[in-house]
Amino acid sequence: MERAAWKVRGRVQGVGFRWSTMQQARALGLSGRVWNCADGSVEVHVRGEVGGLAALEEWLSEGPEAAEVGGLERIEPGPAADESGFAIVRGSVA
């Protein structure tokens, strides 16, 4: 199992981005968390097979239909990547 994390920038809050990310991650067999950040971005921290991580990264570069992804940055995965299942963290995280 590998770990990965991304910061997604653009119009990614208030457009169903977290919910859609959770659905994609679950469909790919990934575990982890997704949350809004105070700066308007979204962070995604996941664990799973390399192929699933690559597929999620590709999906994140576009996001759901209502989103406008302006940037996707690979970041260091934190402890949320090791959680079981996949969940949305409610509210904004600094």
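Residues numbered from 1 in each chain as written. Predicted model: local features only at pLDDT ≥ 70, side-chain atom pairs only at ≥ 80, totals over all residues. Heavy atoms only, no water.

The name that an unreviewed UniProt entry assigns to the protein chain is acylphosphatase, with the source organism given as Gaopeijia maritima. Turning to the protein chain, the UniProt record has this under Sequence similarities (unreviewed entry): "Belongs to the acylphosphatase family." Under the Catalytic activity (unreviewed entry) heading, UniProt states for the protein chain: "an acyl phosphate + H2O = a carboxylate + phosphate + H(+)". (UniProt positions renumbered as here; feature names shortened; annotations may be inferred.)

Draft legend 1. The packing of aromatic side chains, seen in detail. For the structure shown, the criterion picks out one aromatic pair. Ring geometry for F17 against W59: centres 5.8 Å apart, planes inclined by 50°, an arrangement best described as tilted. Taken together, the residues F17 in helix α1 (residues 17-27) and W59 in helix α2 (residues 50-60) connect sequence positions 42 residues apart. The residues F17 and W59 share a single accessibility class, namely buried. (Phe/Tyr/Trp six-rings, centres within 6.5 Å; stacked < 30°, edge-to-face > 60°. Helix = DSSP H or I, 4+ residues; strand = E, 2+ residues; numbered from the N terminus. Buried < 20%, exposed > 50% of the residue type's maximum accessible area, 1.4 Å probe, protein only.)

Draft legend 2. A look at the UniProt feature "domain: Acylphosphatase-like" (unreviewed entry) in the protein chain. UniProt records the feature "domain: Acylphosphatase-like" (unreviewed entry) for residues 3-90 in the present numbering. The span residues 3-90 is 25% helix and 41% strand, and its two end C-alpha atoms sit 22 Å from each other.

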